[in-house]
Amino acid sequence: MNRLESIQTFIHVVERGSFSATAEHLGIAKSVISKRIKELEDHLGAQLLHRTTRKLHLTQVGEVYYHRCLQIISDLEEAD
């Protein structure tokens, strides 16, 4: 698992509100998005998203992790 890639995918999913929209935006299969999120959740040992067939919502842990990820990406961009 490439953690940076998974974090960026997670951010896209949250911002776009769906796996499908993220897959379309990134030009990759929806199954790849799903796999990245699952691997990230497995790595963290926590569920980040509540999923239904129509919507997804951040869990409490997911909310905290999302905001921390935004800061990490911002720090990386600033370092560059």
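Along each chain, residue indices are assigned from 1 in the same order as the chain's sequence is written. Residues qualify for local features only when their pLDDT is at least 70, as the model is predicted, and side-chain atom pairs are given and counted only at 80 or more; totals for whole chains, interfaces and linings, by contrast, use all residues. To get the side-chain values, all heavy atoms of the structure are used, and hydrogens and water are removed first.

Engineer: Outline the environment of T22, listing residues and values.
Structural biologist: You can see T22 is positioned in helix 2 (residues 19-26). Taking C-alpha positions, T22 is 7.5 Å from I33, a pair spaced 11 residues apart along the chain. Setting aside residues up to four positions removed in sequence, T22 forms contacts with T9, H12, V13, R16 and I33. Secondary structure elements are taken from DSSP: a helix is a run of H or I of four residues or more, a strand is a run of E of two residues or more, and numbering for both begins at the N terminus. A contact between two residues is defined here by any heavy atoms of the two lying within 4.5 Å.

Engineer: Give me the lowdown on the packing of aromatic side chains, citing residues and values where you can.
Structural biologist: We call Phe, Tyr and Trp rings a pair once their centres come within 6.5 Å, taking the six-membered ring for Trp, and we label the pair stacked below 30 degrees between planes, edge-to-face above 60, and tilted otherwise. Here the structure, examined in full by the defined rule, presents 2 aromatic pairs. A centroid spacing of 5.8 Å and a plane angle of 50° characterise the contact between F10 and Y65, whose relative ring orientation is tilted. Taken together, the residues span a long stretch of sequence, with F10 in helix 1 (residues 3-16) and Y65 in helix 4 (residues 60-79) at a distance of 55 residues. An identical accessibility class is assigned to F10 and Y65; each is buried. Taking the centre distance of 6.3 Å and the plane angle of 75° together, the rings of F10 and Y66 count as edge-to-face. With F10 in helix 1 and Y66 in helix 4, this residue pair connects regions lying 56 residues apart in the sequence. On the basis of relative accessibility, which here comes to 0%, the residue F10 falls in the buried class. Taken together, the ring pairs connect F10, Y65 and Y66 into an aromatic cluster. A 1.4 Å probe rolled over the protein chains alone gives each residue an accessible area, and that area as a share of the maximum for its type sets the label: buried under 20%, exposed over 50%, partly exposed in between.

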